Amino acid sequence: MPDLLAIFDVDGTLIDSQAVIVTAMTRAFESVDLEPPSSKQVLSLVGLSLPRMIGALSSDLDPRVQSQLVASYRLRFGEAVSEGAPPPAYAGVREGLARLKAAGVTLGIATGKSQRGINRLLEAEGWQGLFATCQCANFHPSKPHPSMIRRALLETATEPEQAVMIGDTTYDMEMGQAAEVATFAVGWGYHDRDRLEGSGPDGYFTDVPGLVDHLLDRAR
């Protein structure tokens, strides 16, 4: 089977973390006596690095307050996770990743989450060793900068034409396009179909089995 590197976004693509994200953001703004943004505003920015996300939600605030919000969000996110069950994987994700791995597809992650967040996810899902490369916000510019994908290609010795970026936001599509890899948009996440298709992905999928079938066909 030809080499194929399938790089996945996390929030909105592999796991449905919207409840935790919105709760943490609401509490972060409340901690500095500010009106919280709406859930729609928050979810529209999921995928960006946290400082950039906070900056977009509070562009009129002093940078020192923005820094307080970043620190508060990190604290509140940990609290929100510990208070309830971990964010669930979307239907079919666990089985789909297992199918891809068994077929010899190389798996990767490119996410705006922190390294700590990725470690938490891998432990909660039992996914240690599943992904050959995990790129996160600690070591790269925010999406849509192509740095994460370029590093994933380097770490897996993969050429751009042998890779695909899979995500639920326009930031994922723009990042993949900037890195000159194929881009597949998924319809179960946080950006709506019109917005995603407007970013020009190479494919759009409404369920995990359909995406996995297409990836396996591409690998063959």
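Residues numbered from 1 in each chain as written. Predicted model: local features only at pLDDT ≥ 70, side-chain atom pairs only at ≥ 80, totals over all residues. Heavy atoms only, no water.

**Overview of helix H5 (residues 93-102)**
Item 1. Here H5 has its buried residues at Val93, Gly96, Leu97 and Leu100. The arc that holds the buried residues of H5, viewed along the axis, is 95°, so those residues lie on one side. Of the residues in H5, the exposed ones pointing more than 90 degrees away from the buried face are Glu95 and Ala102.
Item 2. On its buried face, H5 sits against strand S1 (5-8), strand S2 (106-110) and helix H10 (208-219).
Item 3. Residue glycine 104 follows H5 closely and has a positive phi angle near 95°. (Buried < 20%, exposed > 50% of the residue type's maximum accessible area, 1.4 Å probe, protein only. Helix = DSSP H or I, 4+ residues; strand = E, 2+ residues; numbered from the N terminus. Arc of directions from axis to C-beta. Contact = heavy atoms within 4.5 Å.)

**Concerning the packing of helix H3 (residues 50-57) against helix H4 (residues 63-83)**
Packed helix pairs are specified by the crossing angle of their axes together with the interaxial distance, meaning the distance between the axes.
Item 1. Put simply, H3 and H4 touch, their axes get as near as 9 Å, and they point 125° apart. As far as their axial angle goes, H4 and H3 are oblique. Crossing of H3 over H4 shows right-handed handedness. In this structure, H3 uses Leu50, Pro51, Ile54 and Gly55 to contact H4, whose residues at the interface are Gln66, Leu69, Val70, Tyr73 and Arg74. (Axes fitted to C-alpha atoms, helices over the stretch in contact; angles between N-to-C directions. Parallel < 35°, antiparallel > 145°, perpendicular 65-115°, else oblique. Left-handed = near helix turned anticlockwise from the far one by under 90°.)

**Side note on the nonpolar core**
One broad trend across soluble globular proteins is that nonpolar side chains are buried collectively.
Item 1. Counting 58 residues, the largest nonpolar core has Phe8 and Leu215 as its most contacted members.
Item 2. For this core, the leading source of residues is helix H1 (residues 18-31), giving seven residues.
Item 3. When near neighbours in sequence (up to four residues on either side) are disregarded, phenylalanine 8 contacts Thr13, Leu14, Leu97, Leu100, Leu107, Gly108, Ile109, Ala110, Met165, Ile166, Leu211 and Leu215.
Item 4. By size, the runner-up hydrophobic cluster in this structure holds 12 residues, among which are Ile7, Met148, Ala163 and Ala179. (Core = buried A, V, L, I, M, F, W, Y, C linked by side-chain atoms within 4.5 Å.)

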